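Understanding the architecture of this molecule
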Protein chains: 2
Amino acid sequence: MPVGDAAMLDELKRAAAFRAVESVDNGMVVGLGSGSTAAFAIEALAARIATGLSVLGIPTSEASANLARRLGVPLTAFDIHRRIDITIDGADEAEPHSFHLIKGRGGALLREKIVAAASDRMIVVVDETKIVNRLGAGGFLPVEVVPFGWQATFARLAAVGCRPRLRTADGQPFLTDGGHFIADCGVAEIEDVVVLEAKLAHIPGVVDTGLFLGLASMLVVGRKSGVEVLER
Amino acid sequence: MPVGDAAMLDELKRAAAFRAVESVDNGMVVGLGSGSTAAFAIEALAARIATGLSVLGIPTSEASANLARRLGVPLTAFDIHRRIDITIDGADEAEPHSFHLIKGRGGALLREKIVAAASDRMIVVVDETKIVNRLGAGGFLPVEVVPFGWQATFARLAAVGCRPRLRTADGQPFLTDGGHFIADCGVAEIEDVVVLEAKLAHIPGVVDTGLFLGLASMLVVGRKSGVEVLER
């Protein structure tokens, strides 16, 4: 992607993130997603806190926790505040009709999903390139697996139609915050995401998948033509 | 339980374990379960190896690995032998009509399930007190969960009808070999184990459950009246 396009997408994400953060009210507990779009949301939240908003954040990764601390977003622990009012996060793909998502490119899918599932509302911020007609359009579904017996688990992923590749970093298996591996699964457009999710969840060794079904309640889409807000 | 009963149950388990190990043939890769009954199977396997049987074992816990080494059962790594001929393991409850199981009292359920799922056959050895008409009769289903946000995960377990209690050891949360927690869930007899397993697997933060459905191919039951063998 040309540099100009990346900068333009960043502007779309930023505009959408600032719009999403308008939904946050005083006194809320806010789940903080991970990744580049979620970082804009943390920045937007910090801007509102600077002008008087009082909230507590629950981060989904060390990176988000560090950014929040640096920008002055006060944090709380998930074991104190189990119920979260709003989580704001990005996505790798989003279906506008179903609000189903694919997440996990950044490797924080498990914590992101646990926090999203514990939230009254999940607001998803994306630029328009992430909107797809059908999940899988990007060809890519991350699945988090336990290291023990991962080769056998990968064989079972392949048997349900995914083509797993072990994510690596510096020549070693990439380790999630939870100490698991990521299978980057090659997929085509997914016929029935609910069926696929059930098949994947049933495989021993699969901790969770990048399919976020029925979790998002609002999509905030940064488009060149402006910010579009979709509510379920 | 009176000491005499425990010793008697051990004899039933031992007899069943020795019968189960008769199914092992020369050259096989054998999954080694965990727990007291699986220990008898490792002992029985060692006895056959002492008289000439040549097999390789894949252990499901450090305890089983240590016992196998001590008794002279040669081990191999799961990443070399991904396909296992037979796994021999115990169970906390077994349904004789469906071959469905509950496992996990020993805390090794995840590795046991990964190994069982990678096996051509799973032989389950139990004494007669483990045979139930319907799973859940013992009132108890272990579920392995990630530590992050475990309180929120427990709330979701409760919402599907389980009553989770965090397993502890020496006053601290019990940690599995994979670094996860165990929710010891209070249950009644389970109406539909397939539905419950799907609900539990769908909860973010649940790594796996003690429900072993469709994995066992043979039940070897130590009864006071003798060893009973059930095949699917």
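The structure we're discussing is the one just above.
1. Examining the overall build of chain A
Along its length, chain A carries six helices and 15 strands. Computed over the C-alpha atoms, the radius of gyration of chain A is 17 Å, within 12% of the 17 Å expected from 2.2 N^0.38 for a compact globule of 232 residues. Its C-alpha atoms give chain A principal-axis dimensions of about 55 × 40 × 35 Å. Taking all 232 residues of chain A together, 56% fall into the buried category.

2. Considerations on the interface of chain A and chain B
Taken together, the contact pairs 26 residues of chain A with 26 residues of chain B. Taking both partners together, chain A and chain B bury about 2300 Å²; carbon and sulfur atoms supply 70% of that area. Joining chain A to chain B, the criterion identifies zero salt bridges. Across the contact surface, chain A and chain B share five residue pairs in polar contact (both at pLDDT 80 or more). Secondary structure elements with two or more residues in the side of chain A that touches chain B: α4 (109–117), α5 (150–159), α6 (193–202) and β12 (206–209) of chain A. Tallied by class, residues from the side of chain A that touches chain B come to 14 nonpolar, five polar and seven charged.

3. A few points about the state of the cysteines
Residue and element names in this part refer to chain A. For the coordinates displayed, the defined rule picks out zero disulfides over all chains. You can see C185 has no disulfide; the closest cysteine sulfur is in C162, sitting 4.5 Å from it. Here C185 falls in the buried class, since its relative accessible area comes to 0%.

4. Brief notes about the sheet that holds strand β14 (residues 218–223) of chain B
Residues and elements named next belong to chain B. Overall, mixed pairing links the six strands, which are arranged β2-β1-β3-β6-β14-β15 in an open sheet. A single partner strand is all that each edge strand has here, and the edge strands are β2 (56–59) and β15 (226–231). Geometrically, the sheet is characterised by an average inter-axis angle of 20 degrees between neighbouring strands, direction not taken into account. Pairing of strand β6 (residues 119–127) with β14 involves five bridges; the strand directions are parallel. Bridging across to β14, V126 finds its partner in V221.

5. Regarding the layout of surface pockets
Taking a probe equal in size to a water molecule and rolling it over the atoms shows the remaining empty space. The space that makes up the largest pocket amounts to roughly 460 Å³. Taken together, 27 residues make up the lining of the largest pocket; nearest its centre are S34, G35, D92, R105 and G106 of chain A. Counting only elements with at least two residues in the lining of the largest pocket, the list comes to α2 (36–50), α3 (62–71) and α4 of chain A. Considering only residue class, the lining of the largest pocket consists of six nonpolar, eleven polar and ten charged. Estimates place the volume of the second largest pocket at around 380 Å³. Lining the second largest pocket are 24 residues, and of these A91, D92, R105, G106 and K130 of chain B sit closest to its centre. Grouping the constituent residues of the lining of the second largest pocket by class yields six nonpolar, ten polar and eight charged.

6. A few points about α4 of chain A
With respect to burial, α4 of chain A is a largely interior element, eight of its nine residues being buried. Along α4 of chain A, the positions that sit buried rather than exposed are L109, L110, E112, K113, I114, V115, A116 and A117 of chain A.

Reading guide: rules and limits
- Residues numbered from 1 in each chain as written.
- Chains lettered and ligands numbered in written order.
- Predicted model: local features only at pLDDT ≥ 70, side-chain atom pairs only at ≥ 80, totals over all residues.
- Heavy atoms only, no water.
- Helix = DSSP H or I, 4+ residues; strand = E, 2+ residues; numbered from the N terminus.
- Rg over C-alpha atoms; globule rule 2.2 N^0.38 Å.
- Buried < 20%, exposed > 50% of the residue type's maximum accessible area, 1.4 Å probe, protein only.
- Contact = heavy atoms within 4.5 Å.
- Buried area = accessible area lost by both parts, 1.4 Å probe.
- Salt bridge = Lys/Arg side-chain N within 4 Å of Asp/Glu carboxyl O.
- Polar contact = N/O pair within 3.5 Å; in protein donor to acceptor, adjacent residues only side chain to side chain.
- Nonpolar A, V, L, I, M, F, W, Y, C, P; charged D, E, K, R; others polar.
- Disulfide = S-S within 2.5 Å.
- Pairing = 2+ DSSP bridges.
- Axes fitted to C-alpha atoms, helices over the stretch in contact; angles between N-to-C directions.
- 1 Å grid on protein atoms, 1.4 Å probe; cavity = no way out; pocket = protein on both sides within 12 Å on 5 of 7 lines; lining within 4 Å.
- Points joined across faces, edges and corners; volume = space filled by probe spheres on them.

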